[in-house]
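# Chains, contacts and geometry: an overview
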Amino acid sequence: MGNLELKFRDLKLTFLEEVILLTILDEARYGQSIVEAVSAASGGSCQLNPGTLYPALQRLQDRGLIQIQHVQKNVAVRNGHCRRYYQATSKGKEAITEMEKIRSYIRSPNGVTQVSF
C-alpha cells in the first residue's frame, strides 16, 4: 500500500463513512455543509441527519482518517461557539485511494477471480 501502512480496518468503510470522507477529501466542511454536499451530489436522494452524521464523523476521527478544526466563524449563527470543520487526513486520503484501487481491480476482467484478503 502506500507510505502510511493502512490497516484492513481502515479500509472497511461503511457506505456512509466513505461518502463523508469523499465529501471532505479536498475541502474542510462543517456538519451542515457535509449534509448539503451529500444531498446535492445524490440529487437529494441521500439525506443525512445529525444522529447519523456525527457518530460516523467520530468513528472516522477515532481511526485517524479525519481531523477536526475549531474555527470561530459565523458567530451570529452559532451564538459565539466555535464551528467544527472536518477534513480528511493523509491517512484518510490514502484509504480512499486504496479503496478506488480495489474497486478498479475488482472491475477488471480477471479481478473478481484474483481478489484475496
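This text follows the structure it describes.
Cut-offs and rules
Residues numbered from 1 in each chain as written. Predicted model: local features only at pLDDT ≥ 70, side-chain atom pairs only at ≥ 80, totals over all residues. Heavy atoms only, no water. Core = buried A, V, L, I, M, F, W, Y, C linked by side-chain atoms within 4.5 Å. Buried < 20%, exposed > 50% of the residue type's maximum accessible area, 1.4 Å probe, protein only. Helix = DSSP H or I, 4+ residues; strand = E, 2+ residues; numbered from the N terminus. Contact = heavy atoms within 4.5 Å. Axes fitted to C-alpha atoms, helices over the stretch in contact; angles between N-to-C directions. Parallel < 35°, antiparallel > 145°, perpendicular 65-115°, else oblique. Left-handed = near helix turned anticlockwise from the far one by under 90°. Nonpolar A, V, L, I, M, F, W, Y, C, P; charged D, E, K, R; others polar.

### Overview of the nonpolar core
Across soluble globular proteins, you tend to see nonpolar side chains buried next to one another. Counting residues in each nonpolar core, the largest one holds 22 residues, and the members touching the most others are L13, I20, I34, L48, L53, L57 and I66. Contributing elements (two or more residues each) for this core: helix 2 (15-23), helix 3 (31-41), helix 4 (50-62), strand 3 (83-88) and helix 6 (90-107). When neighbours within four sequence positions are excluded, L48 is seen to be in contact with L16, I34, V35, V38 and L53.

### Comments concerning the environment of L21
Tracing the sequence through the fold places L21 in helix 2. For L21, a relative accessible area of 0% translates into the label buried. Each C-alpha atom of the pair L21 and L65 lies 8.1 Å from the other, and the pair is 44 residues apart in sequence. If sequence neighbours within four positions are ignored, L21 has contacts with L13, L65, I66, A88, G92 and I96.

### A look at the packing of helix 2 against helix 6
Each pair of packed helices can be summarised by the angle the axes make with each other and by the distance between the axes. For the pair helix 2 and helix 6, the least separation of the axes is 10 Å and the interaxial angle reads 120 degrees. One finds that helix 2 runs oblique with respect to helix 6. Note that helix 2 runs across helix 6; the crossing there is left-handed. Contact residues: E18, L21 and L22 in helix 2; G92, I96, M99, E100 and R103 in helix 6. The class makeup of the residues in the contact of helix 2 with helix 6 is 4 nonpolar, 1 polar and 3 charged.

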